[in-house]
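A closer look at the structure
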Amino acid sequence: MRNTIIFRLRQRFANFFPTAPIGVYLVIMTTVITLPLIIFVGYLMLKLEADEREDLQREAVEDARTISRNVDRRLQEMSTSLNLLSQFPELESGDLSAFHKRVSESLESEGLYVIIATADGKQRLNSRVPYDRPLGIVPPDVKLSAVLEGKRLAVSNIFYGNTSKEWVFNVTLPLTPALSASGDALIMTQNASDLIGLISTDGLPADWTIAVLDGDNRVVVSSEPETIAAGSTFDQPLATGQIRGFSGSFEDDNNNIYAYSQLPGWQWKAVVWGSSASSQSALVGTWRKMMIGSFVLVMIAITGAYLVGRQLRGSIRELVNMAHRIGQGEIVSPIDTKIKEANHVAVALSNASFDRSQAEDRTHLILHELVHRSKNMLTLVQAMMRQLARENTTVAEFQKEVDHRLRGLGMSISALSEVQWQGLPMRKLIETHLNVFGSVDQQVRLEGDDFMLSPEAVQNFGLILHELTTNSIKYGALSNPNGMIDIAWRRDTQEDHDLLNVTWVESGGPAAVAPEREGFGTTIIKRHAESAFSANISMDYNEHGFRWTMDAPMRHFLKRKNPISED
């Protein structure tokens, strides 16, 4: 009874699937597997983007607070210095000449200057100039009268100093009546550019900017003084209108994030801003959700695919049985299944029984070639990893360097695979490695008669080209948009030797400086080139740029007659 029920269920289930092309079944299976994953990954990508922006805003606010603390510390130091100066006996006695000499000697080296002014704004002393020189009126930007009325120490907005001829700011301390013989206010002034050391973009994403603003939202100092100059009004879109409270952050319509922090006790504030697209962080929790959710949905998709695959399994088993019989040397006749394509395969297998011997010979030849290529490639990778392991002290550095070099090797292998390992022309190999770095090919001139390189030469010379280009982008001509590289090659016959001369000449970039130690890059462009091509390598570091020259026997670049027989 039980077997009868199972049989009927199987029969109904089998009849549920009609005879159809295999493409229909594959579409159903692919849809069942991929659609849930696509939906779930799309949801998680949106969630991840929101989490990244929240993290970036929190980090930006913390950076703004750090900068505000640094600037506040400098203003507090100036305040402390003013309190100490106010206790000098020269002030009480009114001996401004002695006070000028003493203050000039102690503060000028630190970029600090002292001014003594009366309530009407007249300067009685300015340590920027000699004591006996006539002095003018304190600039209105100092707001001296407001400081004296408030009877408390205050920092001014930034203003252009008539004496210093630079953008400066002041910290003003009202003097007690006991010191009225000297003046009514003691002012310490400093150039705004001296604050540049208090702000740093090291912990921020690329292309982010920092600025310190005064009470009128004018820039005191910024991390990009060429474009955001001191004294300019901070007019970033929506920024000044949304900077409220002690600290916080917000995002404008252009996906720019702004973070700010008020200096405690002062009118100044620190602002940090940049594009949210610079963030590449991801929360561990979000990744965990993605992995767990993907696993669950994959299991659901696999279950659906299994139900679809059951119908395919019976027909495939019959084809497998046919294949086993062919493997035993039998000549088989086609079978009839519910899948049209399977029927076509059965006919093809029947015909293939006559071609088995030839196919086996061809397979052995391909395997031999694959083993040969793989041995050469693994030997090169093994040597590369040993060298990198000696140079890098951390796993992260080692992984980064290995990934970078394998990309260069991978480009040569990818190009070779497109031509079935038949070799590449010299010019195409160079252009292939330059294209991966973007528009740098516009800064490169090529000169030489084209010829076909062997697969081994493509891998070895491609690795050298990749390293030369990488070094030039970091330190050489390609680091400058006006820099140029001339790559030239020529065949030169000397006596009975056929030689290839290759030159790499950089110009228009920074002066080339020889490295203090021989790293992996030098090993590749010199020792590896010498070993792989039996070459003579010369490297010249001079003020015009880097020059690399290789002279090697031409036979190392041409395809050998029977590469399969080599070890």
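Residues numbered from 1 in each chain as written. Predicted model: local features only at pLDDT ≥ 70, side-chain atom pairs only at ≥ 80, totals over all residues. Heavy atoms only, no water.

Now for unusual backbone geometry. In the Ramachandran plot, Lys143 falls in the positive-phi region, its phi being about 55 degrees despite a non-glycine side chain. Relative to the helices and strands, Lys143 is located in the loop between β2 (123-126) and α5 (144-150). In this structure, Lys151 is a non-glycine residue whose phi angle is positive, near 55 degrees. Inspection of the secondary structure assignment puts Lys151 in the loop between α5 and β3 (154-155). For Lys151, a relative accessible area of 71% translates into the label exposed. (Helix = DSSP H or I, 4+ residues; strand = E, 2+ residues; numbered from the N terminus. Buried < 20%, exposed > 50% of the residue type's maximum accessible area, 1.4 Å probe, protein only.)

Moving on, we get to helix α8 (residues 340-352). In this model, α8 (13 residues) spans 18 Å end to end at C-alpha, consistent with the 18 Å of a helix rising 1.5 Å per residue. Looking only at α8, the buried set comprises Ala342, Asn343, Ala346 and Ser350. Viewed end-on, α8 has its buried residues packed into an arc of 105 degrees, placing them on one side of the element. (Expected span 1.5 Å × (residues − 1). Arc of directions from axis to C-beta.)

Our next topic: the packing of aromatic side chains. Counted by the stated rule, this structure contains ten aromatic pairs. Ring centres 5.0 Å apart and planes at 70 degrees place the aromatic pair Phe234 and Trp273 in the edge-to-face group. Highlighted residues: Phe234 in the loop between β8 (219-222) and α6 (239-242) and Trp273 in strand β11 (residues 269-275), separated in sequence by 39 residues. The same class applies to Phe234 as to Trp273, namely buried. Ring plane angle 20 degrees and centroid distance 6.4 Å describe the contact between Tyr258 and Trp273, whose orientation is recorded as stacked. Of this pair, Tyr258 sits in strand β10 (residues 256-262) while Trp273 sits in strand β11, placing them 15 residues apart in sequence. Judged by relative accessible area, which is 2%, Tyr258 ranks as buried. (Phe/Tyr/Trp six-rings, centres within 6.5 Å; stacked < 30°, edge-to-face > 60°.)

With that settled, the discussion passes to the pairing of strand β9 (residues 247-251). Regular strands show a simple pattern: their side chains alternate between the two faces of the sheet. Judged by which residues are buried, β9 turns out to be one-sided: Gly248 and Phe250 face inward and are buried, whereas Ser247, Ser249 and Glu251, on the alternate face, are not. In this structure, β9 lies alongside β10, joined through five bridges in antiparallel fashion. Paired with Phe250 across the bridge in β10 is Tyr258. Where β9 hands over to β10, the hairpin turn is made up of four residues, of which Asn255 adopts a positive phi near 65 degrees. (Pairing = 2+ DSSP bridges.)

Attention now goes to the side chain of Arg218. With respect to the helices, strands and loops of the structure, Arg218 is situated in the loop between β7 (209-213) and β8. In terms of polar contacts, Arg218 uses its side chain to reach the backbone carbonyl oxygen of Ile158, at 2.4 Å. Those residues within four positions of Arg218 in sequence are excluded, and the remaining contacts are Asp141, Asn157, Ile158, Trp167, Val212, Leu213, Gly231, Ser232, Thr233 and Phe234. (Polar contact = N/O pair within 3.5 Å; in protein donor to acceptor, adjacent residues only side chain to side chain. Contact = heavy atoms within 4.5 Å.)

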